[in-house]
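Read off the chains here:
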Amino acid sequence: MGLRDRLRKGLSRSREAISEIFYMGGEVDEDFWEGLEDRLVMGDMGGEVALQVTDDLREQAAREGLKRAGQLQEALAQRLAAEFPAAERDPFRDLPSCVLFVGINGAGKTTTVGKIAGAAKDAGVPCLIGGADTFRAAAIEQLQVWGERSGVRVVTRERGGDPASVCYDVLDAAEREGTRLTLIDTAGRLHTSPELMRELQKVVRVTRKRAGEALPVSVVLVIDATTGQNGLAQAKEFNDALDLDGMIVTKLDGTAKGGIAVHIAHDLRLPIYRIGVGEGIEDLQEFNALEFARALVGQEED
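Quantities reported herein were computed from a predicted structural model and do not represent experimental measurements. Counting starts from 1 at the beginning of each chain's written sequence and moves along it residue by residue. Predicted model: local features are reported for residues with pLDDT of at least 70 only, side-chain atom pairs are reported and counted for 80 or more only, and whole-chain, interface and lining totals are derived from all residues. Computation of side-chain values covers all heavy atoms of the structure but excludes hydrogens and water.

## Section: the packing of aromatic side chains
- Side-chain rings of Phe, Tyr and Trp (the six-membered ring for Trp) are treated as a pair once their centres are within 6.5 Å; stacked means planes under 30 degrees apart, edge-to-face means over 60, and tilted covers the remaining angles. For the coordinates displayed, the defined rule picks out 7 aromatic pairs.
- For the ring pair Phe-84 and Phe-287, a centre distance of 4.9 Å and an interplane angle of 65° mean the geometry is edge-to-face. Of the two residues, Phe-84 sits in the loop between helix H5 (73-81) and strand S1 (97-102) while Phe-287 sits in the loop between strand S8 (284-286) and helix H12 (289-297), which places them 203 residues apart along the sequence.
- Burial classes: relative accessible area under 20% of the type maximum marks a residue as buried, over 50% as exposed, and values in between as partly exposed (1.4 Å probe, protein chains only). Among the residues examined, Phe-287 registers a relative accessible area of 15% and is labelled buried. A run of DSSP states H or I qualifies as a helix once it reaches four residues; a run of E qualifies as a strand once it reaches two. Both are numbered from the N-terminal end.

Right, dumping it as structure tokens:
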């Protein structure tokens, strides 16, 4: 299955919500533009993005003489892709690298860490997992299962240990073992809890200090697409507290509101490194803005 086919399958619910308007066969008239804007809003792109995109497409249609809805499908994909800022570096490919995964409980952090570790191991990249979620016993156990499955060592402490100290231990081990990619899972944080966010700020600060200038540390938010607009609120709070480097958006296969990825990228100007469009390891994919946008609007493979 090709990249766009997997994306189309994973984004099927969101695609159906947006793409139907292109298959009605009608001419581009006022009803079309109103319908397009409504569908973008219903896809959780937000009113501002929906209005800007629709207005830009309307101008393009007039300028290029596009008179049928189907002619605008690729133009819409190109326009939506422009909303995503390009990443200056990919922390999972530009090595050496240390990545701190943050987010609320249930967003998919631990599973994402495991999948990325497995992919790194398969690619021959020396990798180490850090379990800094010492509050939830299940998180440590889940990481250890992923570590065993992928053959990647997990460094953690007993339940209730200091998360910042765990990060220090992980980087010590990474230095000794010549690790190229260090992945650290942190405890889920309610974005509305200042005390918990301050603790997470300490984790980030300690990790960056121990890493030094030679090892880039990226703070990556893992966000569950099914949370919709609440996901945007989460992203804003985490970004304000931690100055995020980028995001991973999970569970896009479980929502009709895949446009939330567009909305967050537009509002916060944060790059998306990976997206999850299914259960399998292969369904956690490197993010390609244009391929994502084409799948979202229902474009077929070229």
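What follows picks up the thread again.
## Remarks on the pattern of salt bridges
- Here, a salt bridge means any side-chain nitrogen of Lys or Arg that lies within 4 Å of a carboxyl oxygen of Asp or Glu. Using the criterion set out here, one finds 16 salt bridges in the structure.
- When the shortest N-O distance is used, the salt bridge between Asp-56 and Arg-79 registers 2.7 Å. Of the two residues, Asp-56 is situated in helix H4 (residues 47-64) and Arg-79 in helix H5; the sequence distance between them amounts to 23 residues.
- Classification of Asp-56 as partly exposed rests on a relative accessible area of 32%.
- In this structure, the salt-bridge partner of Arg-294 is Glu-291, at a minimum N-O distance of 3.3 Å. Of this pair, Arg-294 and Glu-291 both sit in helix H12, 3 residues apart, which is roughly one turn of that helix.
- What makes Arg-294 buried here is its relative accessible area of 12%.

## Description of the nonpolar core
- Each nonpolar core is a collection of buried residues, namely Ala, Val, Leu, Ile, Met, Phe, Trp, Tyr and Cys, held together in the definition by side-chain atoms within 4.5 Å. Core analysis: the biggest nonpolar cluster contains 97 residues, and Leu-72, Leu-183 and Phe-292 have the highest contact counts within it.
- Ranked by residues supplied to this core, first place goes to helix H8 (residues 163-177) with 7 residues.
- Contact definition: two residues touch when any of their heavy atoms are within 4.5 Å. Not counting residues up to four positions away in its chain, the partners in contact with Leu-72 are Phe-22, Val-28, Phe-32, Trp-33, Leu-57, Ala-61 and Leu-66.

## Section: the pairing of strand S3 (residues 153-156)
- Between any two strands, pairing holds if DSSP finds at least two bridges. With 4 bridges joining them, strand S2 (residues 127-132) and S3 adopt parallel strand pairing. Along S3, the bridge assignment pairs Ile-129 with Val-154.
- Think of it like this: strands point away, you trace from the first strand over the helix to the second, and a clockwise trace means the crossover is right-handed. Handedness of the β-α-β unit built from S2, helix H7 (residues 137-150) and S3 comes out right-handed.

## Looking at helix H10 (residues 229-242)
- For a helix, the expected span equals 1.5 Å multiplied by the number of residues minus one. Here H10 is 14 residues long and its end C-alpha atoms lie 20 Å apart, about the 20 Å a rise of 1.5 Å per residue gives.
- Asp-243 sits one or two residues past H10 and shows a positive phi near 50°.

## Regarding the side chain of Lys-109
- Its location among the elements puts Lys-109 in helix H6 (residues 109-122).
- For the purpose of charge, His is not counted, nor are the chain termini; Lys and Arg are scored as positive and Asp and Glu as negative. Buried charged residue Lys-109 carries no salt bridge. Nearest counter-charge: Asp-185, at 4.8 Å.

## A few points about a negative patch on the surface
- What makes a patch is a set of residues exposed beyond 30% relative accessible area and free of salt bridges, joined within 9 Å when like-charged and within 5 Å when nonpolar (Val, Leu, Ile, Met, Phe, Trp, Tyr). We get accessible surface area from the Shrake-Rupley algorithm with a probe of 1.4 Å; when it comes to residues, only the shown protein chains can shield them. For this purpose, a charge sits on NZ of Lys, CZ of Arg, CG of Asp or CD of Glu. Where like charges cluster on the molecular surface, the negative patch consists of Glu-27, Asp-29, Asp-31, Glu-34 and Asp-38.
- Note that Asp-38 resides in helix H3 (residues 30-42).

## A few points about the sheet that holds strand S4 (residues 181-186)
- Reading across from one edge, S3-S2-S4-S1-S5-S6-S7-S8 is the order of the 8 strands in this open sheet, with mixed pairing throughout. The open sheet has two free edges, formed respectively by S3 and S8, since each of these has just one partner strand. Averaged over all adjacent pairs, the angle separating strand axes in this sheet is 25°, with direction ignored.
- As paired elements, strand S7 (residues 272-276) and S8 share 3 bridges and run antiparallel to each other. Looking at the pairing, Gly-276 lines up with Leu-284 of S8.
- Axis lines are fitted to C-alpha atoms, over the contacting stretch for helices. Their N-to-C directions set the angle, which ranges from 0 to 180 degrees. Across the sheet, H6 touches S1, S2, S4, strand S5 (217-224), strand S6 (246-250) and S8, and the angle it forms with S4 is around 165°.

## Comments concerning the environment of Arg-159
- Within the secondary structure, Arg-159 is located in the loop between S3 and H8.
- Distance in space between the C-alpha atoms of Arg-159 and Phe-22 is 53 Å, their sequence separation being 137 residues.
- Those residues within four positions of Arg-159 in sequence are excluded, and the remaining contacts are Thr-134, Phe-135 and Ala-137.

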